[in-house]
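# Examining the three-dimensional arrangement
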Number of protein chains: 2
Amino acid sequence: MIYPRVALIGLGLIASSMYWAMKRAGEAGHVTGYARSQETRDTARRIGLCDQVFDSLQETVRDADLVVLAVPVGAMGAVARDIAPHLKPGCTVTDVGSVKRQVIEDVGPHLPEGVHFVPAHPLAGTEHSGPESGFATLFDNRWCLLVPPEGSDADAVERLGRFWRALGSNIDVMDPDHHDLVLAVTSHCPHLIAYTMVGVADDLRRVTDSEVIKYSAAGFRDFTRIAASDPTMWRDVFLSNKDATLEILGRFTEELFALQRAIRTGDGEQLHAYFTRTRAIRRGILEAGQDTSAPDFGRVKVER
Amino acid sequence: MIYPRVALIGLGLIASSMYWAMKRAGEAGHVTGYARSQETRDTARRIGLCDQVFDSLQETVRDADLVVLAVPVGAMGAVARDIAPHLKPGCTVTDVGSVKRQVIEDVGPHLPEGVHFVPAHPLAGTEHSGPESGFATLFDNRWCLLVPPEGSDADAVERLGRFWRALGSNIDVMDPDHHDLVLAVTSHCPHLIAYTMVGVADDLRRVTDSEVIKYSAAGFRDFTRIAASDPTMWRDVFLSNKDATLEILGRFTEELFALQRAIRTGDGEQLHAYFTRTRAIRRGILEAGQDTSAPDFGRVKVER
């Protein structure tokens with residue numbers, strides 16, 4: 001058992017998937033859980049999520065060898081402050097937030113000497129949220145980025161890496177600022193853009209809602225899937241990864257204006273060259289094994 | 001048999017899917033096919049796509065009761081001009097383009113008296129292209145929009161509607177300008193935006209290509225899928241639906257700037273309200289049966 005006792009704080013998609021993945025791996029020694037809302041705790045108890053669900057943070061983290069902060073990024077600091085006095089000496093605290101610099105600044109100062117803080121970010125998820133949305137295979141063959149602050153205990157980092165590998169993930173170690181920039185490109189900005197496009201569609205009075213929905217084949221439908229993700233989680237992501245997000249959005253707008261201009265001036269060559277270039281990235285993703293080449297757009301290819 | 005003889009011009013994803021769907025429906029009386037490139041014609045012959053693949057447009061459309069233009073929007077006019085003298089009197093010419101006003105202007109004037117022109121747009125596709133990408137179920141439960149110009153023959157429109165229903169589609173009739181606006185919102189702008197974001201990622205030197213690809217979980221990966229679509233087809237879409245695309249892009253930019261400002265000023269309430277609103281649209285799409293609620297992001301939910 002890599003960690004005999006694990007405490008999960010926040011029982012949403014990620015924490016619940018971690019629990020089922022721990023079970024599958026034989027790594028669920030004793031797992032305690034806590035969620036802020038009574039309703040979530042009741043649901044967790046009903047579906048057997050965690051060996052014990054507590055009504056207080058204090059009881060949840062007591063004796064835990066690993067404490068996982070799986071709450072929205074904006075709530076991490078307050079949780080760290082509240083659990084700090086009750087942590088077992090020598091235990092590891094980790095998180096699963098999509099932003100790392102801010103979390104390190106918010107959480108780090110609260111933790112007592114002798115407790116290891118190893119931030120992490122499993123790059124996995126779906127558009128669903130809540131304790132019932134989790135499943136054991138969520139992390140399989142996905143990356144989990146470990147983002148230890150300078151001076152972290154090497155053994156604690158190595159142990160957390162083993163834990164995530166047991167849950168199905170591949171492991172990489174990354175610097176916090178670089179992490180936040182990479183994620184701004186691959187996740188945060190795409191989400192903001194999807195939210196925006198769906199909002200535009202909703203606003204247009206001449207294109208009625210029902211039409212937008214009815215005729216939402218390829219393209220827009222994928223955006224609505226992204227834009228259906230948890231609002232609180234995403235609000236916190238944008239507020240706490242402000243600099244990188246704004247930088248990438250600036251680049252995006254610049255590029256979009258250039259394409260807009262190509263459309264306005266009828267520059268077909270520029271458009272064609274651009275679209276050809278982006279195709280190559282897709283091929284790279286398929287080769288990296290991070291998606292399948294099965295055509296999607298709501299259709300599974302079947303035999304003719 | 002709704003149309004005893006059908007001619008498919010252009011043998012890509014849509015035309016090849018139409019062929020397999022006709023076969024499935026028992027509606028493939030005699031189907032001829034033509035593609036501009038020798039390679040595509042050879043592939044079609046090898047995989048048994050169409051009863052006969054011809055090397056000339058003239059032979060392909062001879063005696064056809066229905067001629068389907070399934071080439072990029074920018075090529076429709078030239079094809080119409082070339083086939084016009086060889087069309088059977090009383091036949092129907094249709095197309096499958098994503099833009100309708102421009103196609104009507106390009107194709108209509110070439111067609112002789114006594115030939116019915118009924119533009120159509122099946123709202124279905126995948127990110128793959130070419131003769132081997134088609135499959136019989138592509139149109140099942142998708143919408144096919146019929147966009148007849150004013151003064152179209154009602155019987156010809158009704159007959160084409162029956163044909164598309166036989167291929168699995170639901171049918172709606174729409175005005176060309178309204179069609180082009182609705183599609184700008186639901187398809188054309190989302191594609192341009194996805195292309196742009198993928199291009200930005202590709203440009204960033206500090207975020208190496210391999211990182212962008214490696215860590216492309218949720219969000220960006222869906223964009224790359226969209227941005228992998230056929231470059232020629234999409235170039236033509238943007239050039240021929242210029243006005244509606246630019247109008248919607250203008251609205252999009254305005255909205256994006258507002259969210260950018262909310263991030264910069266730390267206005268969490270505005271972000272949360274916006275993200276909550278876009279969630280509702282997703283629910284509408286699920287209720288309209290145009291997608292499933294199975295979580296995606298590269299993961300199929302399985303039993304715990």
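Since the structure is predicted, the reported quantities are computational estimates derived from the model, not experimental observations. Sequence order sets the numbering: in each chain, residues are counted from 1 along the sequence as written. Chain labels run from A onward and ligand labels from 1 onward, assigned in the order the entries are written. The model is predicted, so local features are restricted to residues of pLDDT at least 70 and side-chain atom pairs to those at 80 or more, both for listing and for counting; the totals for chains, interfaces and linings are taken over all residues. Think of the side-chain values as coming from all heavy atoms in the structure, minus any hydrogens and water.

## Examining the sheet that holds strand S9 (residues 170-173) of chain A
Pairing between sheet strands relies on hydrogen bonds along the backbone, with the strands arranged either parallel or antiparallel. Residues and elements named next belong to chain A. Paired strands, as defined in this entry, are two strands with at least two bridges between them according to DSSP. Secondary structure counts use DSSP, requiring at least four H or I residues in a row for a helix and at least two E residues in a row for a strand, with both numbered from the N terminus. Reading across the sheet, the three strands line up as S7-S8-S9 and stay open at both edges, with mixed pairing between neighbours. With one partner strand each, in any of the chains shown, strand S7 (120-122) and S9 form the two edges of the open sheet. Between one strand and the next, the sheet's axes are offset by a mean angle of 20°, whatever the strand orientation. In this sheet, strand S8 (residues 143-146) lies alongside S7 in antiparallel orientation, the contact comprising three bridges. The residue bridging His-121 from the neighbouring strand is Leu-145, located in S8. Angles shown run from 0 to 180 degrees and are taken between the N-to-C directions of axes, each axis being a line fitted to C-alpha atoms and, for helices, limited to the stretch in contact.

## What to know about the interface of chain B and chain A
We call two residues in contact whenever any of their non-hydrogen atoms come within 4.5 Å of each other. With 118 residues of chain B in contact, the opposing surface of chain A contributes 119 residues. Buried area, as used here, totals the accessible surface that two parts lose on assembly, with accessibility defined by a 1.4 Å probe and the loss added over both. Summing the contributions of chain B and of chain A, the shared interface buries around 11300 Å²; its carbon and sulfur component is 67%. Salt bridges are identified by distance alone: a Lys or Arg side-chain nitrogen within 4 Å of an Asp or Glu carboxyl oxygen. Inspection of the region where chain B meets chain A yields zero salt bridges. Within 3.5 Å is the distance limit for a polar contact, defined as a pair of N or O atoms, with the added protein rule that one can donate a hydrogen and the other accept it, and that residues adjacent in sequence qualify only through two side-chain atoms. One can count 14 residue pairs in polar contact (both at pLDDT 80 or more) joining chain B with chain A. Those elements that place two or more of their residues in the side of chain B that touches chain A are strand S8 (143-146), helix H7 (176-203), helix H8 (209-214), helix H9 (220-226), helix H10 (231-240), helix H11 (242-265) and helix H12 (268-287) of chain B. Examining the composition of the side of chain B that touches chain A, we find that 21 residues originate from one element, H7(B), more than from any other. All amino acids are sorted into three groups, where Ala, Val, Leu, Ile, Met, Phe, Trp, Tyr, Cys and Pro are nonpolar, Asp, Glu, Lys and Arg are charged, and the leftover types, Gly among them, are polar. Partitioning the side of chain B that touches chain A into residue classes produces 57 nonpolar, 32 polar and 29 charged.

## Digging into the sheet that holds strand S5 (residues 92-95) of chain B
All names here are of chain B. The six strands are arranged S3-S2-S1-S4-S5-S6 in an open sheet whose pairing can be described as parallel. At either margin of the open sheet sits one strand with a lone partner, and together these are strand S3 (52-53) and strand S6 (116-117). Where strand S4 (residues 66-69) and S5 come together, four bridges link them in parallel fashion. Paired with Leu-66 across the bridge in S5 is Thr-92. Sheet strands in contact with helix H1 (residues 13-25) are strand S1 (5-9), strand S2 (30-34) and S4, and its direction is about 160° off that of S1. Contacts between helix H4 (residues 76-83) and the sheet are confined to S1, S4 and S5, with S4 contributing the most and set at about 150° to the helix.

## Topic: the pairing of strand S2 (residues 30-34) of chain A
Residue and element names in this part refer to chain A. Counting buried positions along S2 gives four out of five residues, so the element sits mostly inside the fold. Pairing geometry for strand S1 (residues 5-9) and S2, over five bridges, is parallel. Among the inter-strand pairings, Val-6 is bridged to a residue of S2, identified as Val-31. When the strands point away from the viewer and the connection leading from the first strand across the helix to the second strand turns clockwise, the crossover is called right-handed. In the classification by handedness, the crossover that spans S1, the intervening helix H1 (residues 13-25) and the parallel S2 is right-handed. Bridge count for S2 against strand S3 (residues 52-53) is two bridges, and the pairing is parallel. Exposure is judged per residue with a 1.4 Å probe applied to protein chains only, and the accessible area is read against the type maximum: over 50% gives exposed, under 20% gives buried, and values in between give partly exposed.

## Looking at the domain arrangement of chain A
Residue and element names in this part refer to chain A. The split of the chain into domains comes from an automatic or database domain assignment. Parsing chain A into structural domains produces domain 1 (5-174) and domain 2 (178-287). With centres defined by C-alpha atoms, the gap from domain 1 to domain 2 works out at 30 Å. Opposite the 16 residues of domain 1 that make contact, domain 2 presents 15 residues. Together, the buried faces of domain 1 and domain 2 total about 1200 Å²; carbon and sulfur atoms form 66% of this surface. Scanning the region where domain 1 abuts domain 2 turns up zero salt bridges. On inspection of domain 1 and its partner domain 2, the count reaches five residue pairs in polar contact (both at pLDDT 80 or more). Of the residues assigned to the side of domain 1 that touches domain 2, the class counts are eight nonpolar, five polar and three charged.

## Section: the side chain of Asn241(A)
Residue and element names in this part refer to chain A. With respect to the helices, strands and loops of the structure, Asn-241 is situated in the loop between helix H10 (231-240) and helix H11 (242-265). Residue class for Asn-241 comes out buried when judged on its relative accessible area of 5%. Reaching out from Asn-241, the side chain makes a polar contact with the backbone oxygen of Asp-180 at a distance of 3.0 Å. Not counting chain neighbours up to four residues away, the residues in contact with Asn-241 comprise Val-99, Asp-180, Ala-184 and His-188.

## What to know about the relation of the copies chain B and chain A
The operation relating the pair of chain copies consists of a rotation about an axis and a translation along that axis. Our superposition of the copies is a least-squares fit, built on the C-alpha atoms of residues whose pLDDT is at least 70 in both. With an axial shift of 0.0 Å and an RMSD of 0.0 Å, the rotation relating chain B to chain A amounts to 180°. Given the turn and translation reported, the copies of this chain are related as if by a two-fold rotation axis. By C-alpha distance to the rotation axis, the residue of chain B lying nearest is Asp222(B), at 3.4 Å. Looking at chain B, 100% of its interface residues are interface residues in chain A too, so the copies touch through the same face.

## Things to note about helix H6 (residues 154-166) of chain B
All names here are of chain B. The span you would expect from a helix comes to 1.5 Å times its residue count less one. Given a rise of 1.5 Å per residue, 13 residues ought to cover 18 Å, and the 18 Å separating the end C-alpha atoms of H6 matches this to within 8%. For H6, the complete set of buried residues consists of Ala-156, Val-157, Leu-160, Gly-161, Phe-163 and Trp-164. Buried positions in H6, seen along its axis, are confined to an arc of 160° and lie on one side of it. Facing away from the buried side of H6 by over 90 degrees, the exposed positions are Ala-154 and Asp-155. Looking one or two residues beyond H6, the residue adopting positive phi is Gly-168, at roughly 115°. Think of it as the arc spanned by the lines of direction from the helix axis to the C-beta atoms.

## Notes on the packing of helix H7 (residues 176-203) of chain A against H11(A)
Residues and elements named next belong to chain A. Running from N to C, H7 and H11 point in directions that differ by 65°, and their axes come no closer than 9 Å. Classified by chirality, the crossing of H11 by H7 is right-handed. Packed against H7, whose contacting residues are Asp-180, Leu-181, Ala-184, Val-185, His-188, Cys-189, Leu-192 and Ile-193, the element H11 presents Ala-244, Thr-245, Glu-247, Ile-248, Leu-249 and Phe-252 at the interface. When the near helix sits turned anticlockwise from the far one by under a right angle, the crossing is termed left-handed; a clockwise turn instead gives a right-handed crossing.

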